[in-house]
Every structure is written in structure tokens, then in C-alpha cells.
Amino acid sequence: MRRLRIFSIILLIVSVVACVGYELKWSKGADKLGPQISMDESSISVSVKATDQELMQGVTAVDAKDGDVTDSIVIENVSTFLEKGRRLISYVAFDSDNHVTKAFRQIVYTDYTSPKFELTEPLCFVVGTEDIMEGMRARDCIDGDISDKI
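The text that follows walks through the structure, step by step, so that each part is easy to find.

Conventions we followed
- Residues numbered from 1 in each chain as written.
- Predicted model: local features only at pLDDT ≥ 70, side-chain atom pairs only at ≥ 80, totals over all residues.
- Heavy atoms only, no water.
- Phe/Tyr/Trp six-rings, centres within 6.5 Å; stacked < 30°, edge-to-face > 60°.
- Helix = DSSP H or I, 4+ residues; strand = E, 2+ residues; numbered from the N terminus.
- Lys NZ or Arg CZ within 6 Å of the ring centre and 35° of its normal.
- Buried < 20%, exposed > 50% of the residue type's maximum accessible area, 1.4 Å probe, protein only.
- Contact = heavy atoms within 4.5 Å.
- Salt bridge = Lys/Arg side-chain N within 4 Å of Asp/Glu carboxyl O.
- Pairing = 2+ DSSP bridges.
- Axes fitted to C-alpha atoms, helices over the stretch in contact; angles between N-to-C directions.
- Core = buried A, V, L, I, M, F, W, Y, C linked by side-chain atoms within 4.5 Å.

Examining the packing of aromatic side chains
Within this structure, the stated rule accounts for three aromatic pairs. Between F81 and Y112, the aromatic rings sit 4.8 Å apart at their centres with planes inclined by 40°, giving tilted as the arrangement. Taken as a pair, F81 in the loop between β5 (74-78) and β6 (86-94) and Y112 in the loop between β7 (100-109) and β8 (116-119) lie far apart in primary sequence, 31 residues in all. Among the aromatic residues, those joined into a cluster by ring pairs are F81, Y109 and Y112. Taking the ring centre of F81 as reference, the NZ or CZ of R87 above it sits at 4.9 Å.

Structure representation (C-alpha cells):
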């Protein structure tokens, strides 16, 4: 019984030393930095019908370990409007160690127009009418029919 206890303690100590040694070795050689995203312009002027490929123009990413990781860049989000015709777009890039880097730039739409309202019938209502929005439509050059948001 005593030998089993001594053997168990020695096995525990060897396991702990091996784990600590592995962690130290792994953390020394580990890449702790994500890729660097660079853009040739801080804002981009595009049409409201611009594709993702057009929105990605001039955006590159380089990682110290992996080199060029531009092909890993994706558009994470396009914000709501900051002001008429301007939005903020966020890009993310990944490296082989699953580090993520984020960068932002403004989109300026060259052909943006505010939503337009349309009436399909006159705005005359009988007392007690429940749906006064019937016959009212709205169209946006980016989102299309937004009548449900009136």
C-alpha cells in the first residue's frame, strides 16, 4: 500500500512538471498578435448597389507569422446611417491561430436618396377607421419596400 501511494505521488509530480513545461514551451513560441488590416483610404465612395467585392477594394491584411491573409477578410457589419448617405463598415481578418482583428471605414454613397412615400389612395378616413396606414407605401433605394416600417 505504501509503494502504491509513493508511486501515485511521483506520477502526480511528473505529470504536473510535464504540463507546466509544455505550457511554458507553447506560450514562448505562440503568436499572440492578430493580423494588421490596412486600407488605402479611410472612406470609400460607392453606389448603393455596390457588391461586397467593391466594398473590399483597397483592404489588405498581413500577419507576422502567416504573411498575407487578405483572403480571410470579411465584412462583419454595415452600420445604420451616421448621416444622409454615410455609413460605417467593419472588416475582420483572421490568422491561423484564430486571432481576429477589426478595422473600420466610412462608406459614402454616391447615388443615395432618402426613402420616398407613395399613396395608392387619397388620405380620407371614415370616423373609427382602424388602419389609417392602408394605402401608404415607402420605398428605399437600399432596402426596397419598407412599408412595414412606417
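A word on the side chain of S79
Topologically, S79 is positioned in the loop between β5 and β6. Accessibility expressed as a relative area gives 16% for S79, which makes it buried. Leave out the neighbours within four places in its chain, and S79 touches R87 and L88.

Focus: the pattern of salt bridges
Counting across every chain of the model gives four salt bridges. A salt bridge links R105 to D40; its shortest N-O distance comes to 4.0 Å. Taken as a pair, R105 in strand β7 and D40 in the loop between β1 (36-39) and β2 (43-46) lie far apart in primary sequence, 65 residues in all. When its relative accessible area of 57% is taken as the criterion, D40 is described as exposed. For E83, the salt bridge is made with R86, and the minimal N-O distance between the two is 3.3 Å.

Quick look at the sheet that holds β7
Strand order in the open sheet made by the four strands is β2-β7-β6-β5, with mixed pairing throughout. At either margin of the open sheet sits one strand with a lone partner, and together these are β2 and β5. Strand-to-strand, the axes of this sheet are offset by a mean angle of 35°, without reference to chain direction.

Quick notes on the nonpolar core
Counting 17 residues, the largest nonpolar core has V46, L55 and I107 as the members making the most contacts within it. Listed by contribution, the elements that provide at least two residues to this core are β2, β3 (59-63), β6 and β7. What L55 contacts, discounting residues up to four positions off in sequence, is I44, V46, A50, I75, I89, Y91, R105 and I107.

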